[in-house]
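The residues making up each chain are set out below.
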Amino acid sequence: MILESQLYAGPCSCGKDHEIFTKKEVIESGCLKHFDDYAEASGLSGRRAAVYDCNTYHAKGLVRPDADQEIILNPVNLHANETAVGKILEQLHPDTRYLIAVGSGTIHDCTRYCANKLGIPFVSCPTAASVDGFCSTVSAMTWKGYKNTMPGVAPVLVLADTEVIRQAPIALALSGVGDVFGKFISLADWKISHVLTGEYFCPVIEEMTRKAIVAVKDCCGQIKENGDPEAFEHLIYGLLLSGLAMQMCGNSRPASGAEHHISHLIDVEPASLNLHNRALHGEKVGVGTILVSSVYHKLAAVSDIAPYVKEFSPLDPGEIKRIFGNISDSIMTENQKDCLKDVTCSAVIRSWDKIREIVREIPSPHELINLYTGIKAKKTLQDIEVDEKLLPDLLRYSACIRNRLTLMRVRRMLTVEY
Ligand SMILES: [Zn+2]
Ligand SMILES: [Zn+2]
């Protein structure tokens, strides 16, 4: 399957002229054998460097693209941060014309950050269907301990070799499934914000992201280790389509809402919460999706919200300091222009029926649990090694992680406790 991503670019009914940087996405068994042909057709030439970690370098079935330089990072404690980026930049030959990321999300985030810093293009070669960020324009980094989106560049070309991807550990594919199921929430949050504040919304991007969910929902029952290549083709298609939708939007709005904020809160492990971030990105997002669905459906059961709405009040710096400790300054800076300020009590009351309707499009926690059980995906906080007792804190403080309007953030203006 070849995704001709340029077909999605251009003027749209939302009023925007959508730009897509990625020229082509090839999802095929053995496509890495033809790396040179695809690279040439995409206008890439000159000295190139491939970035791996030791695990992906030795990935089963991997045909390594011929490169002038291979940079192989140590996978122990490898994170998308200043250390990993530094290791790539210090080794990289100064005449490198383009980079090749061969690996998972972390390798991609580090490579795209370096490509952007050097002003050179990069090619994405995912070795597992683990996240939807392969063709993202920004790097999801933990910079000096704080989770942040940093400047990056989208790949000009994606070569997803399903022969390699299907042999990756099954937990990685299930993480990809969780990342896509998170879109049930992120799309709802985006629409709710549009209703409450008139935030920009594009129905075409929504439709693409929904298509990604459907593709993954339909194939996830067949996702097994060394399983049917066709199922993996659909999974990676869903992940790449969601990534393209983000490129069209210019940010991660369609693909990241309250469920991702829960994952990010676990990532930064605030000392006061005694959290342990050992799970994969999509596992945390997947569990976050069930938790958020549960809260949103309980809220939507309230037919008359008027008695429970109170005026916006800013975050309490003392409370943020107590919870976030050494990253509290970053959290306060992130929330300096709190997006919740734009939400009025009357807007919440006026839009409530519409919000309830949007929430009804999210599968119930019960439906999600059944879905996850069927594919043996992680579904509880316990499954991702997070103490169940932290649930109220996770719900309360995850919304501060990113200054993006979600129904979870709107809870600060509601006196109903869910
Ligand atoms: Zn549009
Ligand atoms: Zn994600």
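Just so you know, these numbers come straight off a predicted model, no measurement behind them.

S.K.: Now, about the pattern of salt bridges: what can you tell me, with residues and values included?
M.R.: Between side chains of opposite charge, a pair can form as their charged atoms come close. Inspection of every chain in the model, using the stated rule, returns 20 salt bridges. Across the pair Arg-166 and Glu-163 runs a salt bridge, and its minimum N-O distance is 3.2 Å. The class of Arg-166 is buried, set by a relative accessible area of 17%. One salt bridge in this structure joins Arg-412 and Asp-338, with 2.8 Å as the shortest N-O distance. Residue Arg-412 is found in the segment after α17 (407-410), and its partner Asp-338 is found in the loop between α13 (328-334) and α14 (345-360); the two are separated by 74 residues along the sequence. With relative accessibility at 21%, the residue Arg-412 sits in the partly exposed group. Assessed through its relative accessible area of 6%, Asp-338 is described here as buried. Taken together, the salt bridges that share partners define one network made up of Lys-191, Glu-206, Arg-210 and Glu-361.

S.K.: Any details on the sheet that holds strand β8 (residues 122-126)? Residues and values, ideally.
M.R.: Spatially, β1-β4-β11-β8-β7-β5-β6 is the arrangement adopted by the 7 strands of the open sheet, whose pairing is mixed. Every other strand in the sheet has two partners, leaving β1 (2-3) and β6 (69-73) as the edge strands with one partner each. Relative to strand β11 (residues 157-160), strand β4 (residues 24-27) runs parallel, the two being bridged by 4 bridges. Pairing of Lys-24 across the sheet is with Leu-157, part of β11. On the sheet, helix α4 (residues 105-118) packs against β5 (48-53), β6, β7 (98-103) and β8 and is oriented at approximately 170° with respect to β7. The sheet strands contacting helix α9 (residues 229-249) are β1, β4, β8 and β11, and the helix crosses β4 at an angle near 165°.

S.K.: Tell me what's going on with the coordination of the zinc ion (ligand 2), and back it up with residues and numbers.
M.R.: Looking at the zinc ion (ligand 2), one finds its protein donor set to be Asp-179 (OD), His-260 (NE2) and His-281 (NE2), positioned 2.1 to 2.2 Å from the metal centre. Taken in sequence order, the residues that donate to the zinc ion (ligand 2) follow the motif D-x80-H-x20-H. Placement of the pair is Asp-179 in helix α6 (residues 170-181) and His-281 in helix α11 (residues 281-300), with a sequence separation of 102 residues.

S.K.: Just give me the short version of the nonpolar core, but keep the residues and values in it.
M.R.: The nonpolar side chains of a soluble globular protein tend to be buried, and buried together. By size, the foremost hydrophobic cluster in this structure holds 105 residues, and its most contacted members are Tyr-296 and Val-348. Counting residues per element, this core draws most heavily on α9, at 12 residues. Residues contacting Val-348, with those up to four places away along its chain left out, are Leu-196, Ile-305, Val-309, Val-343, Val-410, Met-413 and Leu-414. Tyr-113, Ile-120, Phe-122 and Met-141 belong to the second-largest nonpolar core, a separate cluster that totals 23 residues.

S.K.: How would you explain the domain arrangement of the protein chain if you had to name every residue and give the values?
M.R.: Examined at the domain level, the protein chain breaks down into domain 1 (2-168) and domain 2 (190-201 + 251-413). Between the C-alpha centres of domain 1 and domain 2 there is a distance of 30 Å. The interface of domain 1 with domain 2 comprises 9 residues on the first partner and 13 residues on the second. Summing both partners gives a buried area of about 980 Å² for domain 1 against domain 2, and 59% of it is carried by carbon and sulfur. Contact with domain 2 buries surface across domain 1, with Cys-14, Tyr-146 and Lys-147 losing the most and accounting together for 54% of the total. For the pair domain 1 and domain 2, the number of links is 0 salt bridges. Taken together, domain 1 and domain 2 are joined by 0 residue pairs in polar contact (both at pLDDT 80 or more). Take the side of domain 1 that touches domain 2: its biggest share by element is 3 residues, from strand β10 (residues 146-151). Looking at the side of domain 1 that touches domain 2 residue by residue, the classes come out as 3 nonpolar, 3 polar and 3 charged.

S.K.: Can you explain the packing of α6 against α11? Please cite residues and give values.
M.R.: For the pair α6 and α11, interaxial distance at closest approach is 7 Å and the crossing angle is 40°. Our classification of the angle between α6 and α11 gives oblique. For the pair α6 and α11, the sense of crossing is left-handed. Taken together, the residues of α11 that come into contact with α6 (itself represented by Ala-171, Ser-175, Gly-178, Asp-179 and Phe-181) are His-281, Gly-282, Glu-283, Val-285, Gly-286 and Thr-289. Taken together, the residues of the contact of α6 with α11 sort by class into 3 nonpolar, 6 polar and 2 charged.

S.K.: Could you give an account of the pairing of β6, with specific residues and numbers?
M.R.: Residues Gln-69, Ile-71 and Leu-73 of β6 are buried on one face, while the alternating residues Glu-70 and Ile-72, pointing to the opposite face, are not. As judged from the 5 bridges shared by β5 and β6, these two strands associate in the parallel manner. Bridging from a neighbouring strand, Tyr-52 pairs with Ile-72 of β6.

S.K.: Lay out the coordination of the zinc ion (ligand 1) in plain terms, naming residues and giving numbers.
M.R.: Within the protein, Cys-12 (SG), Cys-14 (SG), His-18 (NE2) and Cys-202 (SG) serve as the donor atoms for the zinc ion (ligand 1), at 2.0 to 2.3 Å. Mapped onto the sequence, the residues coordinating the zinc ion (ligand 1) show the spacing C-x1-C-x3-H-x183-C. Note that Cys-12 is positioned in the loop between β2 (10-11) and β3 (17-18) and Cys-202 in the loop between α7 (183-197) and α8 (203-219), a separation of 190 residues in sequence. Neither residue differs from the other here; Cys-12 and Cys-202 are each classed as buried.

S.K.: Tell me about unusual backbone geometry, and please be specific about residues and values.
M.R.: One non-glycine residue, Asn-77, lies in positive phi territory at about 60°. Here Asn-77 lies in the loop between β6 and α3 (82-91). Not every positive phi belongs to a glycine, and Glu-385 is a case in point at roughly 60°. On the secondary structure map, Glu-385 appears in the loop between α15 (365-375) and α16 (391-398).

S.K.: Break down the side chain of Glu-25 for me, with residues and values.
M.R.: Topologically, Glu-25 is positioned in strand β4. The buried charged residue Glu-25 lacks any salt bridge partner; its closest oppositely charged side chain belongs to Arg-112, at an N-O distance of 9.5 Å. Not counting chain neighbours up to four residues away, the residues in contact with Glu-25 comprise Met-1, Ile-2, Leu-3, Ser-5, Cys-135, Val-158, Leu-240 and Leu-244.

What counts and how
Residues numbered from 1 in each chain as written. Chains lettered and ligands numbered in written order. Predicted model: local features only at pLDDT ≥ 70, side-chain atom pairs only at ≥ 80, totals over all residues. Heavy atoms only, no water. Salt bridge = Lys/Arg side-chain N within 4 Å of Asp/Glu carboxyl O. Buried < 20%, exposed > 50% of the residue type's maximum accessible area, 1.4 Å probe, protein only. Helix = DSSP H or I, 4+ residues; strand = E, 2+ residues; numbered from the N terminus. Pairing = 2+ DSSP bridges. Contact = heavy atoms within 4.5 Å. Axes fitted to C-alpha atoms, helices over the stretch in contact; angles between N-to-C directions. Donors = N, O, S within 2.8 Å, 3.2 Å for Na, K, Ca; no water. Core = buried A, V, L, I, M, F, W, Y, C linked by side-chain atoms within 4.5 Å. Domains from an automatic or database assignment. Buried area = accessible area lost by both parts, 1.4 Å probe. Polar contact = N/O pair within 3.5 Å; in protein donor to acceptor, adjacent residues only side chain to side chain. Nonpolar A, V, L, I, M, F, W, Y, C, P; charged D, E, K, R; others polar. Parallel < 35°, antiparallel > 145°, perpendicular 65-115°, else oblique. Left-handed = near helix turned anticlockwise from the far one by under 90°. Lys, Arg positive; Asp, Glu negative; His and termini not counted.

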